[in-house]
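Each chain, letter by letter, is given below.
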Amino acid sequence: MGPTSAVVAIVVILVETSLVVWLLFHRARGGRAQRLLEGRLRFEALLAELSAKLIHVDAGDLDAALEGALQQMIAFLGVDRGNLDEYVAAASGIRVSYAGPGIAELPSILLAHEQFPWTAATVRGGGVVRFSRAAELPAEAKTDRESYARLGTRSHLSIPLRAGGPMLGVLSFDSVRDDRTWPDELVDRLRLLSEAFASALERKRMELSLAERLRETARLRHELTHIGRVSALGELTASLAHELNQPLTAILNNAQVAQRFLGTDVPNLPEVREILNDIVADDRRATEVIRRLRGLLRKDPPEQVPLDINDVVSAVADVIRHDMGVRNVPMTLQPASGLPMVRGDRVQLQQVVLNMVLNGLEAMREPNGRDPALVIRTSRAGPSSVSVAVEDSGTGVEMRDIDRLFESLYTTKVDGLGMGLAIARAIVDAHGGRLQASNNAAGGATFEFTLPVDVEQRS
């Protein structure tokens, strides 16, 4: 082979070698690009799956869903530890964490700010904290660096959770067994995931806030109902004091007479025995008055129990009977027999009847050419409800007022507060019933409420 042939052969070999190297290089580069594309598609599929789960999960199952989503992300990223911490000022909110076998759990970065002051401040300011080695942290993060080293953290990433408003928490990942890089592209994807976590936390907060507001509304309604009951009984103070004073005065008189009998040389024991029997009877009368008052003044939480509506009405009639006599207003009870039981709170329903009676008495305060009279009746109001009606012979209700009588703070009385009937309607509504007013053909008005029959007794 001549020199020229040798040179040609060498050139051919070099060209063939270059072609092989070029092909191998581009094949390798194409494989790497393929792997990057596949990794991106897997991440986007996981992001879509987790977002859908967190959007549609029930509030009661949110904690478990967050824990499952976090573990899926830890497995996908191949890290050793992950945390999701909800931020509630000076308190602990939702906290989901996972650490591999033999790896110490990472404390809440937001709450353990004495261990991670720089990290906590950065995240609360909306910044991302990431490092492949703790040595990359700035000088002012000395305390953080020591804390990460103590926990075995070699690489770390923290992303603040936001849902368009203030920071809700932080999503963190740690590598303990090897150094780990956190490229911008990965952080951007994880930001998308953090938005799904943040939206779930925000929804949980809103639902908890709504539940808290509903509880507060119920508490205020209970307080207002009690105040209304005390106010209604306040109108009967003089009458109730007189009703209580009668048996107490009788007890005192009988006791003084018994003392005189016992002071004689030959006590009349049969007479003393009769006096003592009278004292016991009057004591029971006074005790019953106090018992009725205590029952109506109770501030216990509402209690839904089966009730005989005639017993509810009868208890109110006993409280107001003397007051009716003082006002010279005859009261007639017309209870229907065989009524089915209703379900409700005894004291609250007694308050409704009492407010209706006091409203009727107020309507008859001024002379109107008719004899005052009050009728309280119970009846069956269809197959699945019963009714209680209070009929007075007062002035009736102006048609322009009849639709507004039950509004809060609306009153036709000169010195009225406009709360009695509003509270009564709220109580009846809460019991699934209806309270309404109408004018009587012969004059006066009737206030009537219906209540559903206890579900176990419906025919």
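We now examine the environment of G444. Mapped onto the fold, G444 is located in the loop between β11 (434-439) and β12 (445-452). Sequence separation between G444 and P372 is 72 residues, and the spatial gap between their C-alpha atoms is 9.6 Å.

Moving on, we come to the sheet that holds strand β7 (residues 331-334). Strand order in this open sheet of five strands is β7-β9-β10-β12-β11, and the pairing throughout is mixed. Two strands lie at the open edges of the sheet, namely β7 and β11, each paired on one side alone. Ignoring which end each strand starts from, the neighbouring axes of this sheet average 15° apart. Judged from the four bridges that link them, β7 and strand β9 (residues 374-380) form a sheet pairing that is parallel. Looking at β9, one finds that M331 is bridged to L374.

Quick look at the packing of helix α8 (residues 309-326) against helix α9 (residues 346-363) now. Remark: α8 packs on α9, axes separated minimally by 9 Å, with the N-to-C direction vectors making an angle of 40°. As the angle between them shows, α8 and α9 are arranged oblique. Crossing geometry of α8 relative to α9 is assigned as right-handed. From α8, D311, V312, V313, A315, V316, I320, D323 and M324 reach across to α9, where they touch R346, L349, Q350, V353, L354, V357 and L361.

Turning to its location among the elements, P166 is positioned in the loop between β4 (155-162) and β5 (167-175). The sequence separation of P166 and G125 amounts to 41 residues, and the corresponding C-alpha distance is 9.8 Å.

Another aspect to go through is the side chain of D454. Structurally, the position occupied by D454 is in the segment after β12. Judged by relative accessible area, D454 falls into the buried class, the value being 4%. In terms of polar contacts, D454 uses its side chain to reach the side chain of R343, at 3.2 Å. Among all residues touching D454, those that are not within four sequence positions of it are P306, M341, V342 and R343.

Our next topic: the pattern of salt bridges. Counted under the stated rule, the structure contains eight salt bridges. A salt bridge links D184 to R130; its shortest N-O distance comes to 2.6 Å. Placement of the pair is D184 in helix α5 (residues 184-234) and R130 in strand β3 (residues 129-131), with a sequence separation of 54 residues. A salt bridge links E146 to K142, with the nearest nitrogen and oxygen atoms 2.7 Å apart. Highlighted residues: E146 and K142, both in helix α4 (residues 142-150), separated by four residues, approximately one helical turn. Relative accessible area serves as the criterion here: at 49%, K142 is assigned to the partly exposed category.

Checked against the element boundaries, S132 lands in the loop between β3 and α4. Owing to a relative accessible area of 15%, S132 belongs among the buried residues under this scheme. In this structure the side chain of S132 is engaged in a polar contact, spanning 2.9 Å, whose partner is the backbone oxygen of R180. Not counting residues within four places of it along the chain, the set of residues in contact with S132 comprises R154, S155, D179, R180 and T181.

What counts and how
Residues numbered from 1 in each chain as written. Predicted model: local features only at pLDDT ≥ 70, side-chain atom pairs only at ≥ 80, totals over all residues. Heavy atoms only, no water. Helix = DSSP H or I, 4+ residues; strand = E, 2+ residues; numbered from the N terminus. Pairing = 2+ DSSP bridges. Axes fitted to C-alpha atoms, helices over the stretch in contact; angles between N-to-C directions. Parallel < 35°, antiparallel > 145°, perpendicular 65-115°, else oblique. Left-handed = near helix turned anticlockwise from the far one by under 90°. Contact = heavy atoms within 4.5 Å. Buried < 20%, exposed > 50% of the residue type's maximum accessible area, 1.4 Å probe, protein only. Polar contact = N/O pair within 3.5 Å; in protein donor to acceptor, adjacent residues only side chain to side chain. Salt bridge = Lys/Arg side-chain N within 4 Å of Asp/Glu carboxyl O.

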